[in-house]
Amino acid sequence: MTTTATAKNMSSTRPSDSLSNETLIGWLHQMMLIREFEVRTMQAYSNAHIGGFCHVYTGQEACAVGTIQSVNHDDPVITAYRDHGHALARGMDPRFCMAEMYGKITGCAKGKGGSMHMFDKPNWLFGGHGIVGAQTPVGAGLAFAARYEWEVLGTGAKKVCLCYLGDGALNQGAFHEAQNLAGLLDIPVIYIVENNGYSMGTSIGRGTTMPHDLCLKAKGYGIDNLLIEDGMDILKIYDLFKPFADNCREMQRPGFVDLHTYRYHGHSMSDPQKYRSKDEVKGVQERDSIDLLKAHLIEDRQCLTEDEVKAKQKEIRKQVRASVTFAEESAEPTPEAELYSDVYLNPEKNLSPLKDYHDGAPNALLDAQD
Amino acid sequence: MTTLQTHPAVVRDVEGLPSREGDRVIQFREALREAMEEEMRADERVFLIGEEVAEYNGAYKVSQGMLDEFGPKRIIDSPISENGFAGLGIGAAMYGLRPIIEFMSWSFSLVAADQILNNAPKMLYMSGGQWGCPIVFRGNDGAGGQLGSTHSWCVEALFSNVPGLKMAIPSNPYDAKGLLKTSIRDDDPVFFLESERMLGDKAHVPEEEYTIPFGRAALLREGDDCTLLSFGRPVHFCLEACDALEAEGVHCDLLDMRTIRPLDIDSIIESLQKTNRVVVVDQSWPFGSVASEVVTQICERAFDHLDSQPVRVNSDDVPTPYAKSLEQEYLPHTGKITAAVKKTLGLS
């Protein structure tokens, strides 16, 4: 049976009430970190230190932080290419994230992936995927395996996998196949549509049917679904998402979340944004997710002061600047060591007519874990 | 030795493998099944998913009886949804399981191309060495017999172009079992190509445990006149060609490559040093084919040993036809192979 929950049917005690001040201050820190990180990302991109395609997360911070903080650290997470926010929310050291975009050997993927391929094994982040919708069957597979681990191997606890996608991915066949499999095989994957209203430059109504109620798309596959209309208020996200995710975990069933949000910048760094007005962007920014949480902590909970926020901002600026310095000062991967490594785990001879493959340098991110 | 045996005798093989002679004669499909069953008994992380693999007992009866032994959590019927279940397998492999993905036909893998080509073989590189993808994709490849052009795909040329994957193409039950066990144990994605036309082939498959390493060809016939090499079903066309040529006094080395990525180029060159002539038989279309690749590698590495231009025999360069007469002519059949060998010898 499918149910659509909204803010209306929430009880008077909110799940977020039980969150400690420290926890919420930590969330604010993460959101501010993502915001500041993307400022530096854009700067580095403009200065041609970062190449390729680059999609910043600014505006959507509450989505990644609010949902990831609703699950356990060893629940697998997978996302699309607008992935810096998820990486940082999962706990990736910003130095490794920035170094990846700089194409350095200290990057999380040793400079072989770039902006769209943030992977973090110690933090259970399975990428960073570039093809729209392609991560959705893989997300089903991660959740399938987690369930298999619990049910067949008997070595794990009940888990859920968070699989993020943009509203543009709703129209990819892969996503529909993934939903059908998840519904059919009782796979505990939660598809979180970060619905920012635009797939590249195409507004949602021009790209998908029934844009007024995306949950209908999950109902067709018998998947429990949840509408979160205010993706700017992290407490509301948590209040709705936490019990939803807990239920998916307990029932070992899939879920679908239509999470309304907004991106402040273009689809990618090369997007002139002619499809929307500056007023539209400005209007949304008046209810900014970071401002809302700040106000809650300062005014409602009175556990934080303006001065402490300023100090935090200063600390974060320093941390992000250090990540840029780290990226700048890190070495580039050398073709001798890295071009032909990490292609095969078992690099036998005669796999290529050009060269034999070999093992590469250890991944800095895995090293840091030890 | 029994007359039912359809597998080729072997002149030279990897050392230490059990004998191919004996009376434990089983079908190719049973050899595949034994490989999966043995690996599933040994490693609980291994599971099989595909269309009709469980309750129907396999569209081609490869997985017959496996549901009874392993249950529905490990032998999983999938809807007709290749992109979905191929991707599911990839996620499961990243997480740490050992999926076997059965495509009824590799022709149907084209709708899963993004998953099997973009995700499985590139995951290790894209993640900077953090996550590999230990997965086996297996199913029928090539013309199954009047199935028309959309159902008769030979994917070996197309897919072996992609770095990060391995590709095994057995020609007989004995090799099928040994190679599939190696594939399941390998940490990298393996594309395992079978043939509907060979699933009923019978041969002795020993009881004892064995695996066949990748990148090691088997020498099936021995001769000084020309090196003939192939993989998969066309190996049988080559054997017929060898018989016909031997009647005319022409003797070939026949190499069954068994895997094309890795490719045992060393054995090819070793044979060439003796014969100085080579014919490559490949059921892909000629343009950008496996044969093109093998001939190129030969020219790059052993040009001085050639007394005659290398010759390739492929399927004809047209969509696979339906009519029996056309399909038979289309394949890299015995007549094309004998003509090619004669060409290298200046006998045509």
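The rules behind each value
- Residues numbered from 1 in each chain as written.
- Chains lettered and ligands numbered in written order.
- Predicted model: local features only at pLDDT ≥ 70, side-chain atom pairs only at ≥ 80, totals over all residues.
- Heavy atoms only, no water.
- Helix = DSSP H or I, 4+ residues; strand = E, 2+ residues; numbered from the N terminus.
- Phe/Tyr/Trp six-rings, centres within 6.5 Å; stacked < 30°, edge-to-face > 60°.
- Buried < 20%, exposed > 50% of the residue type's maximum accessible area, 1.4 Å probe, protein only.
- Lys NZ or Arg CZ within 6 Å of the ring centre and 35° of its normal.
- Pairing = 2+ DSSP bridges.
- Right-handed = clockwise from strand over helix to strand, strands pointing away.
- Axes fitted to C-alpha atoms, helices over the stretch in contact; angles between N-to-C directions.
- Core = buried A, V, L, I, M, F, W, Y, C linked by side-chain atoms within 4.5 Å.
- Domains from an automatic or database assignment.
- Contact = heavy atoms within 4.5 Å.
- Buried area = accessible area lost by both parts, 1.4 Å probe.
- Salt bridge = Lys/Arg side-chain N within 4 Å of Asp/Glu carboxyl O.
- Polar contact = N/O pair within 3.5 Å; in protein donor to acceptor, adjacent residues only side chain to side chain.
- Nonpolar A, V, L, I, M, F, W, Y, C, P; charged D, E, K, R; others polar.
- Parallel < 35°, antiparallel > 145°, perpendicular 65-115°, else oblique.
- Left-handed = near helix turned anticlockwise from the far one by under 90°.
- Expected span 1.5 Å × (residues − 1).

Account for the environment of H305(B), with residues named and values stated.
With respect to the helices and strands, the residue H305(B) is situated in the loop between α10 (290–302) and β14 (311–313). Residues H305(B) and E270(B) lie 35 residues apart in sequence; the distance between their C-alpha atoms is 10.0 Å.

Go over the packing of aromatic side chains with me, naming the residues and quoting the values.
Overall, the coordinates contain 24 aromatic pairs over all chains when judged by the stated rule. Each ring, one from F144(A) and one from F47(B), has its centre 4.9 Å from the other, and the planes form 45°; the classification is tilted. Within this pair, whereas F144(A) is found in helix α5 (residues 135–153), its partner F47(B) is found in strand β2 (residues 46–50), the two belonging to separate chains. One exposure class covers both F144(A) and F47(B), and it is buried. Feature note: the residues F85(B), F103(B), W106(B), F137(B), F159(B) and F191(B) constitute an aromatic cluster, connected by ring pairs. The ring of F96(A) is capped by R95(A), whose NZ or CZ atom sits 5.2 Å from the centre of that ring. The ring of F326(A) is capped by R95(A), whose NZ or CZ atom sits 4.7 Å from the centre of that ring.

Could you give me a rundown of the pairing of strand β11 (residues 252–256) of chain B, with the residues and numbers involved?
All names here are of chain B. Most of β11 is tucked away, with five of its five residues classed as buried. With three bridges connecting them, strand β9 (residues 218–221) and β11 associate as antiparallel partners. Residue pairing in the sheet places A218 in a bridge with D256 of β11. Sheet analysis places strand β10 (residues 226–230) next to β11, joined by five bridges and oriented parallel. Across the sheet, L229 pairs through a bridge with L255, a residue of β11. The parallel pair β10 and β11, bridged by helix α8 (residues 234–247), forms a crossover whose chirality is right-handed.

Just give me the short version of the sheet that holds β2(B), but keep the residues and values in it.
Residue and element names in this part refer to chain B. Read from one edge of the open sheet, seven strands run β3-β2-β4-β5-β7-β6-β12, paired in mixed fashion. Taken across any chain shown, the strands that pair with only one partner, and hence form the sheet edges, are β3 (75–77) and β12 (259–261). Strand-to-strand twist of the sheet, defined as the mean angle between neighbouring strand axes without regard to direction, takes the value 20°. With three bridges joining them, β2 and β3 adopt parallel strand pairing. Each bridged residue has a counterpart across the sheet, and for I49 the counterpart in β3 is I76.

Quick rundown of the nonpolar core? Include the residues and the values.
The tendency in soluble globular proteins is for nonpolar side chains to be buried as a group. I116(B), F137(B) and F191(B) are the most contacted members of the largest nonpolar core, which has 87 residues in total. Sorting elements by how many residues they give to this core places α5(A) first, with nine residues. Among the domains, domain 1 (25–204) and domain 2 (218–343) of chain B are the pair contributing at least three residues each to this core. Apart from residues no more than four positions distant in its own chain, F191(B) is found in contact with W106(B), I116(B), L117(B), F137(B), F159(B), L165(B), K166(B), M167(B) and A168(B). Formed by 65 residues, the second largest nonpolar core is a distinct cluster that contains L33(A), I50(A), C63(A) and C303(A).

Go over the interface of chain A and chain B with me, naming the residues and quoting the values.
On the chain B side, the residues contacting the 57 residues of chain A number 56 residues. For the pair chain A and chain B, the two sides together bury roughly 4,400 Å², of which 62% comes from carbon and sulfur. Considering only the surface of chain A that becomes buried against chain B, Y148(A), L345(A) and N350(A) emerge as the three largest contributors, covering 13% of it. Summed over the shared surface of chain A and chain B, the number is three salt bridges. Summed over the shared surface of chain A and chain B, the result is 30 residue pairs in polar contact (both at pLDDT 80 or more). Secondary-structure elements contributing two or more residues to the side of chain A that touches chain B are β3 (125–128), α5, α6 (173–185), α13 (335–339) and α14 (364–369) of chain A. A per-element tally of the side of chain A that touches chain B places α5(A) first, with 14 residues. Taken together, the residues of the side of chain A that touches chain B sort by class into 34 nonpolar, ten polar and 13 charged.

Tell me about the packing of helix α4 (residues 94–101) of chain A against helix α12 (residues 306–329) of chain A, and please be specific about residues and values.
All names here are of chain A. Interhelical geometry of α4 versus α12 gives an angle of 45° and a closest axis separation of 8 Å. As summarised for this structure, α4 and α12 are arranged oblique, according to the angle between their axes. Relative to α12, the crossing made by α4 is right-handed. In this structure, α4 uses P94, R95, F96, M98 and A99 to contact α12, whose residues at the interface are Q319, S323, V324, F326 and A327.

Residue-level account of the sheet that holds β11(B), with values.
Paired through their backbone hydrogen bonds, the strands of a sheet run either parallel or antiparallel. Residues and elements named next belong to chain B. Spatially, β9-β11-β10-β13-β14 is the arrangement adopted by the five strands of the open sheet, whose pairing is mixed. The open sheet has two edge strands with one neighbour each: β9 and β14. When the angles between neighbouring strand axes are averaged without regard to direction, this sheet yields 25°. Where strand β13 (residues 278–281) lies against β14, three bridges are found, and the strand directions are parallel. In the strand pairing of β14, V280 is matched with R312. Together, β10, β13 and β14 form the strand contacts of α10, whose direction differs from that of β13 by roughly 155°.

Lay out helix α7 (residues 173–185) of chain B in plain terms, naming residues and giving numbers.
Residue and element names in this part refer to chain B. Taking 1.5 Å as the rise per residue, α7 with 13 residues should run 18 Å; its terminal C-alpha atoms sit 19 Å apart, in good agreement. Among the 13 residues that make up α7, twelve are buried, leaving the element largely enclosed by the rest of the structure. For α7, the full list of buried residues reads P173, Y174, D175, A176, K177, G178, L179, L180, K181, T182, S183 and I184.

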